[in-house]
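# Analysis of the macromolecular model
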Amino acid sequence: MKERIVYLDSSAIVKRYISEPGSDYVKTLYLSSYTGSVKLAFNIWNIGEVLGGVLDRARMRKFITDDEYKTAKLRFIRETLRLVKLGILMVMPIKLSILRSAWTIIENYHIYQADAIQVATARFVGASEVVTADKKLYQVLINEELNAKYIG
């Protein structure tokens, strides 16, 4: 039986650490990874995007408090390291083949490089599902014939 790999984009990862619509689905995926029924994946790019692009921005806009930011950041870093050590999370590097694929995706859909890298990485790891809360990215994933789940 083929291993079930679920790729999480940055908007989905954040839902593990900040409660918002879609958080329950992401929580279920993380719990499933601990039981061995799913392997999670994301790109190294997502780590910076989650820390600076999402969590820090939420703190600066006062959507979360300083304490909530510190807690979410610490939980994210610790859990990511733990899951990698357990072999149930793949944090993919930015490989040249992923970048090449991303460049084509950028040209075809006129999206940000970060989003294109996520699409290319999901394809590279053979993701059976890609989870996102980004409507535009969701449509690109569908157009690229990837099994996408929108958790807006």
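Because the structure is predicted, anything quoted here is derived from the model rather than measured. (Residues numbered from 1 in each chain as written. Predicted model: local features only at pLDDT ≥ 70, side-chain atom pairs only at ≥ 80, totals over all residues. Heavy atoms only, no water.)

### What about the overall build of the chain?
Secondary structure summary: the chain contains seven helices and five strands in total. Its helices and strands taken in sequence order, the chain reads β-α-α-β-α-α-β-α-α-β-α-β from the N to the C terminus. Its C-alpha radius of gyration of 15 Å places the chain within 12% of the 15 Å reference for a compact globule of 152 residues. In terms of principal-axis extent, the alpha carbons of the chain reach across some 40 × 35 × 25 Å. Relative to its 152 residues, the chain shows a buried fraction of 44%. Nonlocal contacts in the chain, meaning residues at least 24 apart in sequence, comprise 63% of its contacts between residues at least 6 apart. For the chain, the exposed surface amounts to about 8,200 Å²; the carbon and sulfur share of it is 55%. Between the centroid of the 22 positive side chains of the chain and the centroid of its 16 negative side chains there is a distance of 5 Å. (Helix = DSSP H or I, 4+ residues; strand = E, 2+ residues; numbered from the N terminus. Rg over C-alpha atoms; globule rule 2.2 N^0.38 Å. Buried < 20%, exposed > 50% of the residue type's maximum accessible area, 1.4 Å probe, protein only. Contact = heavy atoms within 4.5 Å. Areas by Shrake-Rupley, 256 points an atom, 1.4 Å probe, with all protein chains shown as cover. Lys, Arg positive; Asp, Glu negative; His and termini not counted. Charge placed at Lys NZ, Arg CZ, Asp CG, Glu CD.)

### Here we look at the sheet that holds strand β4 (residues 129-132)
Strand order in the open sheet made by the five strands is β3-β2-β1-β4-β5, with parallel pairing throughout. The open sheet terminates on both sides in strands that have one partner only, identified here as β3 (89-92) and β5 (148-150). In this sheet, neighbouring strand axes are inclined to one another by 25° on average, regardless of whether the strands run parallel or antiparallel. Those strands touched by helix α4 (residues 66-86) are β2 (39-43) and β3, and its axis lies near 105° from that of β3. The strands touched by helix α6 (residues 113-125) are β1 (5-8), β2, β3 and β4; relative to β1, the strand with the most contacts, the crossing angle is about 170°. (Pairing = 2+ DSSP bridges. Axes fitted to C-alpha atoms, helices over the stretch in contact; angles between N-to-C directions.)

### Some details on the packing of helix α5 (residues 96-109) against α6
Running from N to C, α5 and α6 cross one another at 125°; their axes reach a closest spacing of 8 Å. With respect to α6, the axis of α5 lies oblique. Both α5 and α6 take part in a crossing whose hand is right-handed. Each of S97, I98, L99, S101, A102, I105 and I106 in α5 lies in contact with α6, whose residues at this interface are Q113, A116, I117, V119, A120, T121, R123 and F124. When its residues are assigned to classes, the contact of α5 with α6 shows 10 nonpolar, four polar and one charged. (Parallel < 35°, antiparallel > 145°, perpendicular 65-115°, else oblique. Left-handed = near helix turned anticlockwise from the far one by under 90°. Nonpolar A, V, L, I, M, F, W, Y, C, P; charged D, E, K, R; others polar.)

### What to know about the pairing of β4
Residues in a regular strand project their side chains so that they alternate between the two faces of the sheet. In β4, alternate side chains face the same way, and those of E129 and V131 on one face and V130 and T132 on the other are all buried. The pairing of β1 with β4 spans three bridges and is parallel. By the bridge assignment for β4, V6 is matched with E129. The pairing of β4 with β5 spans three bridges and is classified as parallel. In the sheet register, V131 faces β5, and the bridge partner there is K149. Between β4 and its parallel partner β5, the chain crosses via helix α7 (residues 135-143), and the hand of that crossover is right-handed. (Right-handed = clockwise from strand over helix to strand, strands pointing away.)

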